[in-house]
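Structural characterization, general
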Amino acid sequence: MTAFRSSRLPPLLRQLLRPLLDPYRRYRNARLIHAVRVSLGLLATIVLTTGINLPHGEWASVTMLVVIGGLQHHGNIGKKAAERAYGTLIGAGVGLLLVAQQVWLGLPWLTYFGMSVVCGFFSYHAIGKGGYTALLSAITVFIVAGHGDNPLTDGLWRTVDILIGIVLALAFSFALPLYAVYSWRYKLASALRDCASIYS
(Lines give C-alpha, C1' and ligand atoms only; values in the text may rest on other atoms or scores of the structure.)
Protein backbone atom coordinates (compact mmCIF):
# COMPACT_ATOMS: atom_id res chain seq x y z
CA MET A 1 0.00 0.00 0.00
CA THR A 2 2.88 2.37 0.78
CA ALA A 3 4.43 1.64 -2.62
CA PHE A 4 1.14 2.48 -4.35
CA ARG A 5 0.84 5.78 -2.48
CA SER A 6 4.46 6.74 -3.13
CA SER A 7 4.17 5.91 -6.85
CA ARG A 8 1.55 8.63 -7.25
CA LEU A 9 3.91 11.31 -5.89
CA PRO A 10 6.12 13.43 -8.16
CA PRO A 11 9.64 11.94 -8.48
CA LEU A 12 11.40 14.75 -6.54
CA LEU A 13 8.91 14.60 -3.65
CA ARG A 14 9.05 10.79 -3.68
CA GLN A 15 12.85 10.96 -3.36
CA LEU A 16 12.64 13.43 -0.45
CA LEU A 17 10.00 11.40 1.40
CA ARG A 18 11.61 8.02 0.71
CA PRO A 19 13.05 7.63 4.23
CA LEU A 20 9.57 8.14 5.68
CA LEU A 21 7.64 6.00 3.18
CA ASP A 22 9.95 2.99 3.11
CA PRO A 23 8.91 0.43 5.79
CA TYR A 24 12.46 -0.88 6.19
CA ARG A 25 13.85 2.58 6.91
CA ARG A 26 11.00 3.21 9.34
CA TYR A 27 11.88 -0.08 11.05
CA ARG A 28 15.55 0.92 11.33
CA ASN A 29 14.59 4.33 12.78
CA ALA A 30 11.62 3.14 14.83
CA ARG A 31 12.90 4.56 18.13
CA LEU A 32 13.50 7.99 16.66
CA ILE A 33 10.12 8.05 14.90
CA HIS A 34 8.40 6.93 18.10
CA ALA A 35 10.19 9.55 20.20
CA VAL A 36 9.27 12.34 17.77
CA ARG A 37 5.66 11.14 17.55
CA VAL A 38 5.28 11.08 21.37
CA SER A 39 6.94 14.50 21.70
CA LEU A 40 4.66 16.04 19.09
CA GLY A 41 1.63 14.37 20.70
CA LEU A 42 2.53 15.79 24.10
CA LEU A 43 3.02 19.22 22.60
CA ALA A 44 -0.41 18.95 20.98
CA THR A 45 -2.08 18.02 24.29
CA ILE A 46 -0.39 20.91 26.08
CA VAL A 47 -1.25 23.45 23.38
CA LEU A 48 -4.85 22.24 23.11
CA THR A 49 -5.65 22.09 26.82
CA THR A 50 -3.90 25.34 27.69
CA GLY A 51 -5.14 27.05 24.53
CA ILE A 52 -8.78 26.50 25.41
CA ASN A 53 -8.00 26.80 29.13
CA LEU A 54 -9.24 23.37 30.24
CA PRO A 55 -8.91 22.76 33.97
CA HIS A 56 -6.58 19.86 34.88
CA GLY A 57 -5.25 19.68 31.31
CA GLU A 58 -2.19 17.79 32.48
CA TRP A 59 -4.30 14.61 32.51
CA ALA A 60 -4.52 14.74 28.72
CA SER A 61 -0.71 14.65 28.58
CA VAL A 62 -0.54 11.85 31.16
CA THR A 63 -3.03 9.85 29.09
CA MET A 64 -0.99 10.43 25.93
CA LEU A 65 2.05 8.93 27.67
CA VAL A 66 0.07 6.02 29.12
CA VAL A 67 -1.49 5.10 25.77
CA ILE A 68 1.45 5.46 23.36
CA GLY A 69 4.53 6.12 25.49
CA GLY A 70 5.71 2.53 25.74
CA LEU A 71 4.05 1.14 22.61
CA GLN A 72 5.48 1.80 19.20
CA HIS A 73 3.43 -0.55 17.04
CA HIS A 74 0.18 0.79 15.68
CA GLY A 75 -1.98 -2.25 16.49
CA ASN A 76 -0.92 -2.23 20.14
CA ILE A 77 -1.70 1.47 20.44
CA GLY A 78 -5.25 1.04 19.16
CA LYS A 79 -5.90 -1.83 21.57
CA LYS A 80 -4.46 0.05 24.55
CA ALA A 81 -6.41 3.19 23.66
CA ALA A 82 -9.66 1.21 23.61
CA GLU A 83 -8.82 -0.41 26.95
CA ARG A 84 -7.86 3.00 28.35
CA ALA A 85 -11.17 4.49 27.14
CA TYR A 86 -13.21 1.70 28.75
CA GLY A 87 -11.22 1.92 31.97
CA THR A 88 -11.57 5.69 32.03
CA LEU A 89 -15.32 5.63 31.51
CA ILE A 90 -15.86 2.93 34.14
CA GLY A 91 -13.52 4.53 36.67
CA ALA A 92 -14.86 8.03 36.05
CA GLY A 93 -18.44 6.86 36.49
CA VAL A 94 -17.61 5.13 39.78
CA GLY A 95 -15.51 8.09 40.95
CA LEU A 96 -18.29 10.56 40.19
CA LEU A 97 -20.80 8.37 42.06
CA LEU A 98 -18.49 8.29 45.08
CA VAL A 99 -18.04 12.06 45.01
CA ALA A 100 -21.80 12.59 44.65
CA GLN A 101 -22.40 10.27 47.60
CA GLN A 102 -19.85 12.25 49.65
CA VAL A 103 -21.51 15.56 48.72
CA TRP A 104 -25.04 14.39 49.51
CA LEU A 105 -24.47 12.22 52.57
CA GLY A 106 -21.30 13.82 53.93
CA LEU A 107 -19.99 10.47 55.26
CA PRO A 108 -16.25 10.26 54.50
CA TRP A 109 -15.90 6.80 56.09
CA LEU A 110 -18.52 5.48 53.64
CA THR A 111 -16.56 7.02 50.76
CA TYR A 112 -13.30 5.44 51.91
CA PHE A 113 -14.97 2.06 52.41
CA GLY A 114 -16.64 2.30 48.98
CA MET A 115 -13.34 3.20 47.28
CA SER A 116 -11.55 0.33 48.97
CA VAL A 117 -14.21 -2.21 47.99
CA VAL A 118 -14.45 -0.97 44.40
CA CYS A 119 -10.67 -0.93 43.93
CA GLY A 120 -10.45 -4.40 45.49
CA PHE A 121 -13.01 -5.55 42.92
CA PHE A 122 -11.00 -3.98 40.09
CA SER A 123 -7.79 -5.54 41.45
CA TYR A 124 -9.43 -8.95 41.43
CA HIS A 125 -10.10 -8.48 37.71
CA ALA A 126 -6.71 -6.87 37.04
CA ILE A 127 -5.15 -10.34 37.02
CA GLY A 128 -6.10 -12.06 33.80
CA LYS A 129 -7.86 -11.05 30.61
CA GLY A 130 -8.96 -7.42 30.61
CA GLY A 131 -6.55 -6.65 33.44
CA TYR A 132 -5.35 -3.36 31.95
CA THR A 133 -8.91 -2.04 31.77
CA ALA A 134 -9.58 -3.06 35.38
CA LEU A 135 -6.34 -1.48 36.59
CA LEU A 136 -7.06 1.78 34.77
CA SER A 137 -10.59 1.80 36.16
CA ALA A 138 -9.18 1.70 39.70
CA ILE A 139 -6.62 4.41 38.94
CA THR A 140 -9.26 6.63 37.32
CA VAL A 141 -11.48 6.37 40.42
CA PHE A 142 -8.76 8.18 42.36
CA ILE A 143 -7.93 10.60 39.54
CA VAL A 144 -11.57 11.70 39.40
CA ALA A 145 -12.57 11.46 43.06
CA GLY A 146 -9.36 12.00 44.99
CA HIS A 147 -10.28 10.79 48.47
CA GLY A 148 -13.89 11.74 47.90
CA ASP A 149 -13.30 15.43 48.52
CA ASN A 150 -12.89 16.56 44.90
CA PRO A 151 -15.69 18.71 43.48
CA LEU A 152 -17.88 17.06 40.84
CA THR A 153 -16.79 19.65 38.27
CA ASP A 154 -13.13 18.68 38.76
CA GLY A 155 -14.00 15.03 38.22
CA LEU A 156 -15.88 15.83 35.03
CA TRP A 157 -13.03 17.99 33.69
CA ARG A 158 -10.46 15.30 34.43
CA THR A 159 -12.60 12.76 32.60
CA VAL A 160 -12.85 15.07 29.58
CA ASP A 161 -9.07 15.65 29.63
CA ILE A 162 -8.36 11.92 29.71
CA LEU A 163 -10.68 11.31 26.74
CA ILE A 164 -8.96 14.15 24.82
CA GLY A 165 -5.63 12.44 25.51
CA ILE A 166 -6.96 9.14 24.14
CA VAL A 167 -8.23 10.76 20.93
CA LEU A 168 -4.93 12.59 20.36
CA ALA A 169 -2.91 9.44 21.10
CA LEU A 170 -4.89 7.56 18.45
CA ALA A 171 -4.45 10.41 15.97
CA PHE A 172 -0.68 10.46 16.48
CA SER A 173 -0.46 6.67 16.24
CA PHE A 174 -1.63 7.01 12.61
CA ALA A 175 1.26 9.37 11.81
CA LEU A 176 3.98 7.19 10.24
CA PRO A 177 2.57 3.99 11.73
CA LEU A 178 5.02 1.30 12.76
CA TYR A 179 3.55 -2.16 12.20
CA ALA A 180 4.74 -5.15 14.20
CA VAL A 181 4.52 -7.40 11.13
CA TYR A 182 7.35 -5.47 9.44
CA SER A 183 9.44 -5.68 12.58
CA TRP A 184 8.93 -9.45 12.72
CA ARG A 185 9.78 -9.87 9.02
CA TYR A 186 13.01 -7.86 9.23
CA LYS A 187 14.14 -9.61 12.41
CA LEU A 188 13.40 -13.01 10.86
CA ALA A 189 15.30 -12.05 7.69
CA SER A 190 18.26 -10.91 9.80
CA ALA A 191 18.22 -14.15 11.80
CA LEU A 192 18.09 -16.23 8.59
CA ARG A 193 21.04 -14.29 7.14
CA ASP A 194 23.00 -14.93 10.34
CA CYS A 195 22.14 -18.64 10.14
CA ALA A 196 23.23 -18.77 6.49
CA SER A 197 26.57 -17.12 7.28
CA ILE A 198 27.18 -19.52 10.18
CA TYR A 199 26.21 -22.49 8.00
CA SER A 200 28.52 -21.43 5.16
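Residues numbered from 1 in each chain as written. Predicted model: local features only at pLDDT ≥ 70, side-chain atom pairs only at ≥ 80, totals over all residues. Heavy atoms only, no water.

**Comments concerning the overall build of the protein**
The helix and strand tally for the protein stands at 10 helices and 0 strands. Reading the protein from its N end, one meets helices and strands in the order α-α-α-α-α-α-α-α-α-α. Relative to its full complement of 200 residues, the protein shows a buried share of 38%. Put simply, 71% of the contacts in the protein that link residues at least 6 apart link residues at least 24 apart. Summed over its atoms, the accessible surface of the protein is roughly 12000 Å², and 70% of this surface lies on carbon and sulfur atoms. (Helix = DSSP H or I, 4+ residues; strand = E, 2+ residues; numbered from the N terminus. Buried < 20%, exposed > 50% of the residue type's maximum accessible area, 1.4 Å probe, protein only. Contact = heavy atoms within 4.5 Å. Areas by Shrake-Rupley, 256 points an atom, 1.4 Å probe, with all protein chains shown as cover.)

**Topic: the confidence of the model for the protein**
Overall, the predicted model of the protein reaches an average pLDDT of 80, with 84% of residues at or above 70. The secondary structure element of the protein with the lowest average pLDDT is helix α1 (residues 2-7), at 50, and the one with the highest is helix α7 (residues 108-126), at 90. (pLDDT = per-residue confidence, 0-100.)

**Some details on the environment of Gly-78**
One can find Gly-78 in helix α6 (residues 74-105). Considered as a pair, Gly-78 and Leu-170 are 92 residues apart in the sequence and their alpha carbons are 6.6 Å apart.

**Side note on the packing of α7 against helix α8 (residues 131-145)**
Remark: α7 packs on α8, axes separated minimally by 7 Å, with the N-to-C direction vectors making an angle of 160°. In terms of axis orientation, α7 runs roughly antiparallel to α8. The handedness of the crossing between α7 and α8 comes out as left-handed. Seen from α7, the contacting residues are Met-115, Val-118, Cys-119, Phe-122, His-125 and Ala-126; seen from α8, they are Gly-131, Ala-134, Leu-135, Ser-137, Ala-138, Val-141, Phe-142 and Ala-145. (Axes fitted to C-alpha atoms, helices over the stretch in contact; angles between N-to-C directions. Parallel < 35°, antiparallel > 145°, perpendicular 65-115°, else oblique. Left-handed = near helix turned anticlockwise from the far one by under 90°.)

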